[in-house]
Amino acid sequence: MSQLITGGCMCGRVRYQVLGKLRDIVACHCVQCRRSSGHFVTATACRRREFTLVKGETLKWYVAVPGFRRGFCGECGSSLFFEEDGGERVSIAAGSLDKPHGLKIAAHIFASEAGDYYPIEPSVPVLPRGGHTVPLP
Ligand SMILES: [Zn+2]
Ligand SMILES: [Zn+2]
């Protein structure tokens, strides 16, 4: 069963939809993902033919590694897409989806490039809101 999935950037100038299914999430800890996101990237993915760019007036692409490009909103800076030239898959930043879709992190990749300030296994407290008790130094 295909479902209509929607998402977009923070300012709303880039909007997309997927008529199909989303892959479970891959967390990428590579240096480029860490720099572009400020942490690491969690991305779902769909087939290209199931993906439609609904609004893309401010969509920009950046090539960090030849053969691959990263799509982001040039206005608000949101990281959105990652794709291989001519590839059949569009990777989509999981945080840009409008609604929860029951996706889970299924793999961590480029763990050898991960930052040294976080564990990769989710062994830290998981809080529903920002009310943590981590003290200031
Ligand atoms: Zn935007
Ligand atoms: Zn990466």
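See the structure shown above.
Residues numbered from 1 in each chain as written. Chains lettered and ligands numbered in written order. Predicted model: local features only at pLDDT ≥ 70, side-chain atom pairs only at ≥ 80, totals over all residues. Heavy atoms only, no water.

Student: Can you help me understand the overall build of the protein chain in this one?
Tutor: A tally of regular secondary structure across the protein chain gives one helix and ten strands. Seen in sequence order, the protein chain has helices and strands lined up from the N terminus as β-β-β-α-β-β-β-β-β-β-β. For 137 residues, the compact-globule estimate of 2.2 N^0.38 gives 14 Å, and the C-alpha radius of gyration of the protein chain, at 16 Å, lies within 12% of that figure. Taken along its principal axes, the extent of the C-alpha atoms in the protein chain is 45 × 35 × 30 Å. Within the protein chain, the proportion of its 137 residues that are buried is 31%. Within the protein chain, contacts between residues separated by at least 24 positions form 57% of all contacts whose residues are at least 6 apart in sequence. As presented, the protein chain carries roughly 9,000 Å² of accessible surface, and 55% of it is formed by carbon and sulfur atoms. (Helix = DSSP H or I, 4+ residues; strand = E, 2+ residues; numbered from the N terminus. Rg over C-alpha atoms; globule rule 2.2 N^0.38 Å. Buried < 20%, exposed > 50% of the residue type's maximum accessible area, 1.4 Å probe, protein only. Contact = heavy atoms within 4.5 Å. Areas by Shrake-Rupley, 256 points an atom, 1.4 Å probe, with all protein chains shown as cover.)

Student: What exactly am I supposed to notice about the packing of aromatic side chains here?
Tutor: The geometry of an aromatic ring pair is captured by the separation of the ring centres together with the interplanar angle, meaning the angle of the planes. Tallied over the entire structure, the rule returns seven aromatic pairs. A ring pair is formed by Phe51 and Phe81, whose centres lie 5.3 Å apart and whose planes are at 85°; its orientation type is edge-to-face. Within this pair, whereas Phe51 is found in strand β5 (residues 51–56), its partner Phe81 is found in strand β8 (residues 79–84), the two being separated by 30 residues in sequence. Across this residue pair, the class does not change: Phe51 and Phe81 are buried. (Phe/Tyr/Trp six-rings, centres within 6.5 Å; stacked < 30°, edge-to-face > 60°.)

Student: Is there a simple way to think about the coordination of the zinc ion (ligand 2) in this case?
Tutor: Tetrahedral coordination by four donors places them ideally at 109.5 degrees to one another around the metal; octahedral coordination by six donors ideally gives 90 or 180 degrees. Those protein atoms acting as donors to the zinc ion (ligand 2) are Cys28 (SG), Cys30 (SG) and Cys33 (SG), and they sit at 2.1 to 2.3 Å. For the zinc ion (ligand 2), the single-chain donor residues occur in sequence as C-x1-C-x2-C. Assigned by exposure class, Cys30 and Cys33 land together as buried. (Donors = N, O, S within 2.8 Å, 3.2 Å for Na, K, Ca; no water.)

Student: Help me understand the side chain of Thr44 in this model?
Tutor: With respect to the helices and strands, Thr44 occurs in strand β4 (residues 41–47). Looking at Thr44, the relative accessible area reads 0%, which means it is buried. For Thr44, the side chain forms a polar contact with the main-chain oxygen of Arg23, separated by 2.6 Å. Setting aside chain neighbours within four positions, we find Thr44 in contact with Leu22, Arg23, Asp24, Ile25, Val90, Ser91, Ile92, Ala94, Leu97 and Leu103. (Polar contact = N/O pair within 3.5 Å; in protein donor to acceptor, adjacent residues only side chain to side chain.)

Student: How should the sheet that holds strand β2 (residues 14–20) be read in this particular structure?
Tutor: Spatially, three strands are ordered β1-β2-β5 in an open sheet, and the strand pairing comes out antiparallel. Both edges of this open sheet fall to β1 (3–8) and β5, since each of them pairs with a single strand only. Recorded for the sheet is a direction-independent mean angle of 20° between the axes of neighbouring strands. Sheet topology places β2 next to β5; five bridges connect them, and they run antiparallel. By the bridge assignment, Val14 is partnered in β5 with Gly56. (Pairing = 2+ DSSP bridges. Axes fitted to C-alpha atoms, helices over the stretch in contact; angles between N-to-C directions.)

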